[in-house]
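Tertiary structure, described
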Amino acid sequence: MALEFTPFLISFKLASMTTSILFIVSLFIAWNLSQSKSRFKPIFESITALPIVLPPSVLGFYILYVLSFHSPIGRFFQDVLGIKVVFNFSGLVVASCFYSLPFMVQPLQSGFETLPKNMLEASYIAGKSKLKTLFCVAMPNIKPSLMTAIVITFAHTVGEFGVVLMVGGSIPGETKVASVAIYEMVEIMDYTSAHIYSAIMVSISFCVLLSVYVFNHNQSHRLGGIA
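Residues numbered from 1 in each chain as written. Predicted model: local features only at pLDDT ≥ 70, side-chain atom pairs only at ≥ 80, totals over all residues. Heavy atoms only, no water.

Take the environment of Ser110 next. Tracing the backbone shows Ser110 in helix α5 (residues 89-113). Distance from Ser110 to Phe206, taken between C-alpha atoms, is 23 Å for residues 96 residues apart in sequence. (Helix = DSSP H or I, 4+ residues; strand = E, 2+ residues; numbered from the N terminus.)

Glancing now at the nonpolar core. The biggest cluster of nonpolar side chains holds 28 residues, and the ones touching the most others in it are Leu14, Leu108, Phe112 and Val177. Of all elements in the fold, only α1 (6-35), α5, α7 (130-138) and α8 (143-158) reach the threshold of two or more residues within this core. If one sorts the elements of this core by residue count, α5 sits on top with nine residues. With residues near it in sequence (within four places) discarded, Val177 still touches Pro7, Ile10, Ser11, Leu14, Leu92, Glu160 and Val164. (Core = buried A, V, L, I, M, F, W, Y, C linked by side-chain atoms within 4.5 Å. Buried < 20%, exposed > 50% of the residue type's maximum accessible area, 1.4 Å probe, protein only. Contact = heavy atoms within 4.5 Å.)

Turning to α5, a few remarks are in order. Taking 1.5 Å per residue as the helical rise, α5 with its 25 residues ought to reach 36 Å, and the 35 Å between its terminal C-alpha atoms agrees with that figure. Of all the bends found along α5, the most pronounced is centred on Ser100 and spans about 50 degrees, while Pro102, a proline, follows it within four residues. Burial analysis of α5 places 18 of its 25 residues in the buried class, which makes it a mostly covered element. The residue sitting at the N-terminus of α5 and contributing the capping side-chain oxygen is Asn88; that oxygen lies 3.1 Å from the backbone nitrogen of Ser90. (Expected span 1.5 Å × (residues − 1). Bend = angle between axes of the 7 residues up to and from the residue. Polar contact = N/O pair within 3.5 Å; in protein donor to acceptor, adjacent residues only side chain to side chain.)

The final tally for this structure, using the stated rule, is two salt bridges. Note that Glu113 is salt-bridged to Lys41, the shortest N-O span being 3.4 Å. Within this pair, whereas Glu113 is found in helix α5, its partner Lys41 is found in helix α2 (residues 41-53), the two being separated by 72 residues in sequence. When its relative accessible area of 37% is taken as the criterion, Glu113 is described as partly exposed. Of the residues examined, Lys41 reaches a relative accessible area of 16% and is grouped as buried. Two residues, Lys176 and Glu184, come together in a salt bridge whose shortest N-O distance is 3.1 Å. (Salt bridge = Lys/Arg side-chain N within 4 Å of Asp/Glu carboxyl O.)

In this section: the side chain of Ser11. Its place among the elements puts Ser11 in helix α1. When neighbours within four sequence positions are excluded, Ser11 is seen to be in contact with Val158, Val177 and Ala178.

Following both chains from N to C, one finds α1 and helix α6 (residues 117-125) inclined at 105 degrees, their axes separated by 13 Å at the closest point. As summarised for this structure, α1 and α6 are arranged roughly perpendicular, according to the angle between their axes. Each of Trp31, Ser34 and Gln35 in α1 lies in contact with α6, whose residues at this interface are Lys117, Leu120 and Tyr124. By residue class, the composition of the contact of α1 with α6 is three nonpolar, two polar and one charged. (Axes fitted to C-alpha atoms, helices over the stretch in contact; angles between N-to-C directions. Parallel < 35°, antiparallel > 145°, perpendicular 65-115°, else oblique. Nonpolar A, V, L, I, M, F, W, Y, C, P; charged D, E, K, R; others polar.)

Here we come to the environment of Ser129. Considering the arrangement of structural elements, one finds Ser129 in the loop between α6 and α7. Along the sequence, Ser129 and Pro107 sit 22 residues apart, while their C-alpha atoms lie 23 Å from each other. Side-chain polar atoms of Ser129 contact the backbone nitrogen of Lys132, separated by 3.2 Å.

As a further point, take the packing of α1 against α2. It is at 10 Å that the axes of α1 and α2 come closest, and there the two elements cross at 150 degrees. Judged on the interaxial angle alone, α2 and α1 are roughly antiparallel. Here α1 runs over α2; the crossing is left-handed. Taking contact as the criterion, the partners of Ile29, Leu33 and Ser34 in α1 are, on α2, Lys41, Phe44, Glu45 and Thr48. (Left-handed = near helix turned anticlockwise from the far one by under 90°.)

The next thing to look at is unusual backbone geometry. Backbone geometry at Phe87 places phi at a positive 55 degrees, although glycine is not the residue there. With respect to the helices, strands and loops of the structure, Phe87 is situated in the loop between α4 (72-80) and α5. Here Phe87 falls in the partly exposed class, since its relative accessible area comes to 37%. Although it is not a glycine, Met189 adopts a positive phi angle of roughly 65 degrees. Its location among the elements puts Met189 in the loop between α10 (178-187) and α11 (191-226). A relative accessible area of 60% means that Met189 is categorised as exposed.

The analysis is restricted to geometry; functional conclusions fall outside its scope.
Set out below in structure tokens:
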């Protein structure tokens, strides 16, 4: 039996693009949430965390509807930009960004909130702007949170199933990711292939989590040694 690696390549490509986009977007969301004292903060936190509790089918349905030709947004993409968002790779990226958002935002926000207030205040007193404080003071001091956010988001995107299936379908070479391929193998009772693909996914997930724990352990050990 020839093992087809294309679904894994699509999964990794999707995870890489989603993680890159979400890191840029979530960095500012998490920073503003961590520094906010607004009474509306819980509302914004609930919105960013919503994909965690929403069934993938519900989230996938609304994303599919918004991006379809039946909505103004979908028509704009198709008529003006000439881009058909649903049932192609672009749609997968959009859906994955929504679905994986809390996995990037929450670790970053937690990291920012653990920073000593006097460290940030000293930066502001020294004349640094909020943007410079973010990049030059805050980010270098939350490396474990950065690592956790990036790696967990990547791994979560690789393992996505329901949302990507609804928005992208199963087009070989374009939207058929590894999780969808496994589902189809089980449907046709090709359990041998399903076992191989699943074992690869388990190995990848384990290695990703191990890298996070090892990195965070080494960071804690190094900081403990300095102290």
